Amino acid sequence: MSIVVKKWNELAEVKAELAARDWFFATSGNLSIKVTDDPLTFLVTASGKDKRKQTDEDFLLVDAAGRPAEKTHLKPSAETLLHVEIYNRTNAGCVLHVHTVDNNIISDVYAANGEAVFSGQEIIKAFGIWEENAEVRIPIIYNYADIPTLAQQFSTYIHGDAGAVLIHNHGITVWGRTAFEAKKHLEAWEFLFRWQVKRLLLQRAGLPVG
Ligand SMILES: CSC[C@@H](O)[C@@H](O)C(=O)COP(=O)(O)O
Ligand SMILES: [Zn+2]
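Rules used in this analysis
- Residues numbered from 1 in each chain as written.
- Chains lettered and ligands numbered in written order.
- Predicted model: local features only at pLDDT ≥ 70, side-chain atom pairs only at ≥ 80, totals over all residues.
- Heavy atoms only, no water.
- Near = heavy atom within 4 Å.
- Polar contact = N/O pair within 3.5 Å; in protein donor to acceptor, adjacent residues only side chain to side chain.
- Areas by Shrake-Rupley, 256 points an atom, 1.4 Å probe, with all protein chains shown as cover.
- Nonpolar A, V, L, I, M, F, W, Y, C, P; charged D, E, K, R; others polar.
- Helix = DSSP H or I, 4+ residues; strand = E, 2+ residues; numbered from the N terminus.

**Side note on the site of ligand 1**
Around ligand 1, a shell composed of 14 residues is seen, among which Ser47, Gly48, Lys51, Ser77 and Glu79 lie nearest. With respect to ligand 1, the backbone of Gly29 contributes an N or O atom lying 2.9 Å from an oxygen atom. Residue His97 places a side-chain N or O atom 3.4 Å away from an oxygen atom belonging to ligand 1. Against a free-state accessible area of 410 Å², the protein chains account for coverage of 74% of ligand 1. A breakdown of the residues in the shell around ligand 1 according to their chemical character gives two nonpolar, ten polar and two charged.

**Digging into unusual backbone geometry**
A cis amide bond links Asp38 to the next residue, Pro39, at an omega of 5°. Of note, Pro39 is situated in the loop between strand 1 (30-37) and strand 2 (40-45). For Asp22, which is not a glycine, the phi torsion comes out positive at approximately 65°. For Asp22, the position within the fold is in the loop between helix 1 (3-20) and strand 1. You will see that Asn133, though not glycine, has its phi angle at about 55°, which is positive. Relative to the helices and strands, Asn133 resides in the loop between strand 5 (115-119) and strand 6 (135-141).

Right, dumping it as structure tokens:
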């Protein structure tokens, strides 16, 4: 099996799992997986598709600038430049972007702080942080309509081979060394967002949550 087919299947599996979670509302979301390092190429979702569907036109191979690496009628995701920034600056192997109601609410509630902070949750260990009472932070950036501007802002928060950024009233972009790590981190963030949204509502209702 060629490396492209192997990586295609790996990304298709992640895509199916995120679809099963119903994380691709109204064609939103984009995913990518690195295929080669030198030169850099990666498979990225084709723009505007319903990512819940599985077809043989789901992904296309792009180069280090996010341009199609082969002749195709498919258009790379509108947000490919964010993936480009990650692959060019880190050793990440996979990038996942989803819009969920909870990630949008958290991005809005904490927008003025420029970040959301979470602590006191066992699931933080999914990020490889094992200390008691550990804290995790996710930056929240403005949702610039101009993608090169968004990508430039986004790039200032890329600090390692695994990471995540919330885009205000838009969604989350998570990356990891492998597809497994990116998906694990995405699931952990979404767990924290859902937990926090529920806590805020319970607090508002006067119930005794910490
Ligand atoms: C209807 S979602 C809006 C899009 O602009 C975008 O935010 C998105 O996530 C999907 O765009 P795509 O070009 O299909 O990757
Ligand atoms: Zn998006």
